Amino acid sequence: MTVVESKSEKPAGWNRPPVIAPDGEGELLEVAMGPHHPSTHGVFRMDVALDGERVVRLKPVFGYLHRNHEKIAEGAAYIASMPYTDRLDYFCSLTNNWAYALAVEKLAGQPVPERAEYIRVILAELTRVQNHASSIGFLIQEMGASGTPLMYAFKEREKILDLFESLTGSRMMCNYMRFGGCRVDISAPWLDATRKVVAGLPAFVDEFEALLSTNEILMARCQGIGVLRPELAVNAGVSGPMLRASGVNYDIRKVDHYGIYDRFQFRIPLGDHGDIYDRYMVRVLEMRESIKILEQALKDIPAGPIMDAKAKLRGFRPKPGEAYGRIEAPKGELGFYLISDGGPNPYRYRVRPPSLINLTILEDMCLGHNVADVVLIFGSVDIVLGEVDR
Amino acid sequence: MLGDGILKGMAETARNFFGSYVSKDRLTTVEYPEERIPTAENARVFPFLVYDGADWEAGLRCVACQICEKECPPKCIYIEKSADKKPDYVGKPQFYPARFDIDISVCMSCQICVEVCPFEAIKMDTQFELATDDRFAGLLEDREKLAKSNEYYHSIHPTEAAEVDARLAEEKAKVEARAKAAAQAAAAKASAPASASAPGAAKPSAPPAKNEGGS
């Protein structure tokens, strides 16, 4: 892991947390933002202590959406947890499926056919594009641009969700990956439709950037706000676009060589300042890189089976042992840790959710900023509460 | 110049706004109850039970093996096995579900019941307008409500249903061929009693291995 030195000029003290000196007049105002605040992406509370308009203290409160996912999974067969993983980060169900399938495949030593690997890469990168597009849309929505950028993002997301529906049967709860492959084979018409959508994606990103990137209001609201220093990001275990926006070159697709990502040419965009604008820009650039991966994968997808011949759906009992499977989900490192005692259900099942861990440094980013900026900083973390609380 | 970026963005919105008058691609809204997008062929909502022939009760493919009940992740299926048996589509006497309930307020449309069913008896419906004012009985579907004909299955998932029919026909042909061979063997022996050649006595094949790609 390398911390990339910034080449551009930065204002002095940009990487130090702001000094908070209560002026001694009056008392701090404590505000509970959420759990039903429109900007909290679901049910999440921030207990904020304010000195005037500035944030002095911020305590995130999780758990409103806790559904006992891990314990339920320990009592259920391995395959029965697959549809539940869709409901963790419901924006990117296919990457969740992949992470869980990867963990179980590691545990059971189950190989995956080549065609299935390509299908997984295609679906994961489509998921990344639609997740980043809509997360930027929501970020701008929280800035006060109600509607327009979000609807532009959703227009494109709709096309990708239509592809998911025609392949997996469901738009968001795909339940598509299986241990040792994928559930349904992709057809030639589906591939053609995907090629058409992918061919239209660069134009969409261009349009999105023309709409937003140089917008003075967006720059004024985002630049220098919510700075996350690379040392803190690494120490807190932050991952994904958040970490890379702080200039840390760490992408599991490059580090872990899972799946077949070794075969594709793509670059890892890195930020310079670690502020909201960098996070926005890293996501835009990641969409462009995803499009590159998609073009390569769609070009050389081989024919062949999509399920390993030895893969079992019912009566699946991996040998005793433990495994940790992780992938670069759109929000960061998504990992599943499994212990098997040889039975039909896992002895221990643990999710390492990127959303939750990226959220733990919320206070460090928010201190000294205005309340209106807290909403923005929170939006730039890109979380889904289904994954935070599980 | 300050404001350049905003103007550039405004030009983009204007292009989309005026473009929506000439290009269908830019006009994405569908006014739902009046206007509908056709559902995708693979779409799935809630499960239903397939029956062959005209009588839903006699034609149910389900043999109450209770695999789906066991494998269902949220445990929304409840099955009671019948006391007696009825012949299935190859003529083998089988149990049938005396009771088959699916609580669709619990069901999460994951399709695992469809994947594990060895008898092609349970399939996914595409009907999604299921709002009801009775949240208990209205959302608990019994076997009469769940039973839908094979023709209906063909109408919603034509490709998949054709594959299933071909697979079942193949299996039936195999069973019949085996019964015929057994009957011929019995006739050749001549000394054996005639009852041994009855088709019901032939040993039917094991449930077909489920093809993952088909469902």
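Cut-offs and rules
- Residues numbered from 1 in each chain as written.
- Chains lettered and ligands numbered in written order.
- Predicted model: local features only at pLDDT ≥ 70, side-chain atom pairs only at ≥ 80, totals over all residues.
- Helix = DSSP H or I, 4+ residues; strand = E, 2+ residues; numbered from the N terminus.
- Rg over C-alpha atoms; globule rule 2.2 N^0.38 Å.
- Buried ≥ 20, exposed ≤ 12 C-beta atoms within 10 Å, placed from the backbone.
- Contact = placed C-beta atoms within 7 Å.
- Axes fitted to C-alpha atoms, helices over the stretch in contact; angles between N-to-C directions.
- Parallel < 35°, antiparallel > 145°, perpendicular 65-115°, else oblique.
- Left-handed = near helix turned anticlockwise from the far one by under 90°.
- pLDDT = per-residue confidence, 0-100.
- Nonpolar A, V, L, I, M, F, W, Y, C, P; charged D, E, K, R; others polar.
- Pairing = 2+ DSSP bridges.
- Expected span 1.5 Å × (residues − 1).
- Core = buried A, V, L, I, M, F, W, Y, C linked by C-beta atoms within 7 Å.

Enquirer: Lay out the overall build of chain A in plain terms, naming residues and giving numbers.
Expert: In terms of regular secondary structure, chain A is built from 15 helices and 10 strands. Over its C-alpha atoms chain A spans a radius of gyration of 21 Å, differing by no more than 12% from the 21 Å that the globule rule assigns to 390 residues. On the principal axes, the C-alpha backbone points of chain A span a range of 70 × 45 × 35 Å. Counting all 390 residues of chain A, 51% fall into the buried class. For chain A, long-range pairs separated by at least 24 residues make up 72% of all intrachain contacts whose partners lie at least 6 apart in sequence.

Enquirer: Give me the overall build of chain B: which residues, what numbers.
Expert: A tally of helices and strands in chain B yields seven helices and eight strands. Across the 215 residues of chain B, 24% fall into the buried class. Pairs at least 24 residues apart make up 69% of the contacts formed inside chain B by residues separated by at least 6 positions.

Enquirer: I'd like a description of the packing of helix H3 (residues 93-108) of chain A against helix H4 (residues 114-143) of chain A, backed by residues and values.
Expert: Residues and elements named next belong to chain A. Where H3 contacts H4, the two axes come as close as 8 Å, and the packing angle between them is 135 degrees. The angle between H3 and H4 places the two elements in the oblique class. In the crossing of H3 with H4, the sense of the turn from one axis to the other is left-handed. Taking contact as the criterion, the partners of Leu94, Thr95 and Trp98 in H3 are, on H4, Arg120, Leu123, Ala124 and Thr127.

Enquirer: Could you give an account of the confidence of the model for chain B, with specific residues and numbers?
Expert: Residue and element names in this part refer to chain B. With 87% of its residues at a pLDDT of at least 70, chain B reaches an overall mean of 80. Per-element mean pLDDT across chain B ranges from 76 in strand E3 (residues 86-87) up to 90 in strand E6 (residues 122-124). Counting interchain partners and residues more than four positions distant, the pLDDT-below-50 stretch residues 196-215 has 35 contacts. Both confidence scores are given for the complex: pTM 0.83, ipTM 0.76.

Enquirer: Could you give me a rundown of the interface of chain A and chain B, with the residues and numbers involved?
Expert: Where interface size is quoted, it is often the accessible area lost as the parts come together. At the interface, 32 residues of chain A touch 26 residues of chain B. Elements that contribute at least two residues to the side of chain A that touches chain B include exactly helix H2 (82-86), helix H5 (148-168), helix H6 (188-212) and helix H7 (216-222) of chain A. Looking at the side of chain A that touches chain B element by element, the count peaks at seven residues for H5 of chain A. Considering only residue class, the side of chain A that touches chain B consists of 16 nonpolar, eight polar and eight charged.

Enquirer: Which residues make up unusual backbone geometry, and what are the values?
Expert: Note on backbone geometry: most residues besides glycine have negative phi, and most peptide bonds are trans. We note that Ala64 of chain B has phi near 55 degrees; this positive angle belongs to a residue other than glycine. Summarising the element assignment, Ala64 of chain B is placed in the loop between helix H2 (56-59) and helix H3 (67-71).

Enquirer: Which residues make up the sheet that holds strand E7 (residues 140-141) of chain B, and what are the values?
Expert: All names here are of chain B. Strands sit in the order E2-E5-E7 across an open sheet of three strands; the sheet is antiparallel. Two strands close off the open sheet at either side, each with one partner strand: strand E2 (77-81) and E7. With five bridges joining them, E2 and strand E5 (residues 97-103) adopt antiparallel strand pairing. Among the inter-strand pairings, Ile77 is bridged to a residue of E5, identified as Ile102.

Enquirer: I'd like a description of the pairing of strand E10 (residues 348-352) of chain A, backed by residues and values.
Expert: Residue and element names in this part refer to chain A. The side-chain alternation of E10 yields one buried face, formed by Tyr349 and Val351, and one unburied face, formed by Arg348, Arg350 and Arg352. In this sheet, E10 lies alongside strand E9 (residues 332-340) in antiparallel orientation, the contact comprising five bridges. Counted as the bridge partner of Gly335 is Arg352 from E10.

Enquirer: Before we move on, could you go through the sheet that holds strand E1 (residues 47-51) of chain B and cite the residues and values that matter?
Expert: Residues and elements named next belong to chain B. Spatial strand order, E6-E1-E8: three strands in an open sheet with mixed pairing. Only two strands of the sheet have a single neighbouring strand rather than two, namely E6 and strand E8 (147-149). The mean angle between the axes of side-by-side strands here comes to 55 degrees, regardless of whether they run parallel or antiparallel. Bridge count between E1 and E6: three bridges; the pairing is antiparallel. Of the residues in E6, the one forming a bridge with Phe48 is Lys123.

Enquirer: Help me get a handle on H4 of chain A, residues and values and all.
Expert: Residues and elements named next belong to chain A. Relative to the 44 Å expected for 30 residues at 1.5 Å per residue, H4 spans 44 Å between its end C-alpha atoms, a close match to the ideal helical length. When you tally the buried positions in H4, you get 26 out of 30 residues, the bulk of the element. The positive-phi residue at the C-terminal boundary of H4 is Gly144, with phi of around 115 degrees.

Enquirer: Please provide a residue-by-residue account of the environment of Ser166 of chain A, values included.
Expert: Here Ser166 of chain A is to be found in helix H5. A sequence separation of 24 residues divides Ser166 of chain A from Trp190 of chain A, and the C-alpha atoms of the two residues are 7.7 Å apart. When neighbours within four sequence positions are excluded, Ser166 of chain A is seen to be in contact with Trp190 of chain A together with Ala40 and Asn42 of chain B.

Enquirer: Give me the lowdown on the environment of Leu232 of chain A, citing residues and values where you can.
Expert: All names here are of chain A. Mapped onto the elements, Leu232 comes out in helix H8 (residues 230-236). Look at Leu232 and you get partly exposed, because 17 C-beta atoms sit within 10 Å. C-alpha of Leu232 to C-alpha of Ile361: the two residues are 129 residues apart in sequence and 8.3 Å apart in space. When residues no more than four places from it in sequence are discounted, the contact partners of Leu232 are Ile361 and Asp364.

Enquirer: I'd like to hear about the pairing of strand E4 (residues 54-61) of chain A, residue by residue, with values.
Expert: Residues and elements named next belong to chain A. In the sheet, strand E3 (residues 45-51) pairs with E4 via seven bridges, with the strands oriented antiparallel. When the sheet's bridge partners are listed, Asp47 is paired in E4 with Lys59. Taking the residues between adjacent antiparallel strands as the criterion, E3 and E4 are bridged by two residues, where Gly52 takes a positive phi near 70 degrees.

Enquirer: So what's going on with the nonpolar core? Residues and values would help.
Expert: Judged by nonpolar contacts, the single largest core of 134 residues is most densely connected at Ala99 and Val104 of chain A together with Leu49 of chain B. Sorting elements by how many residues they give to this core places H4 of chain A first, with 14 residues. With sequence-adjacent residues up to four places away left out, Ala99 of chain A is seen in contact with Gly325, Arg326, Ile327, Ala329, Leu334, Gly335 and Phe336 of chain A.

Enquirer: Talk me through the packing of H4 of chain A against helix H11 (residues 276-299) of chain A; I want residue IDs and the actual numbers.
Expert: Residue and element names in this part refer to chain A. One way to put it is that H4 packs onto H11 with a least axis distance of 9 Å and a crossing angle of 155 degrees. For the element pair H4 / H11, the angle class is roughly antiparallel. Seen along the crossing, H4 lies across H11 with a hand that is left-handed. Between H4 and H11, the contacting residues are Tyr118, Val121, Ile122, Glu125, Leu126, Arg128, Val129, His132, Ala133, Ser135, Ile136 and Leu139 on the first element and Tyr280, Arg283, Glu286, Met287, Ser290, Ile291, Ile293, Leu294, Ala297 and Leu298 on the second. By residue class, the composition of the contact of H4 with H11 is 15 nonpolar, three polar and four charged.

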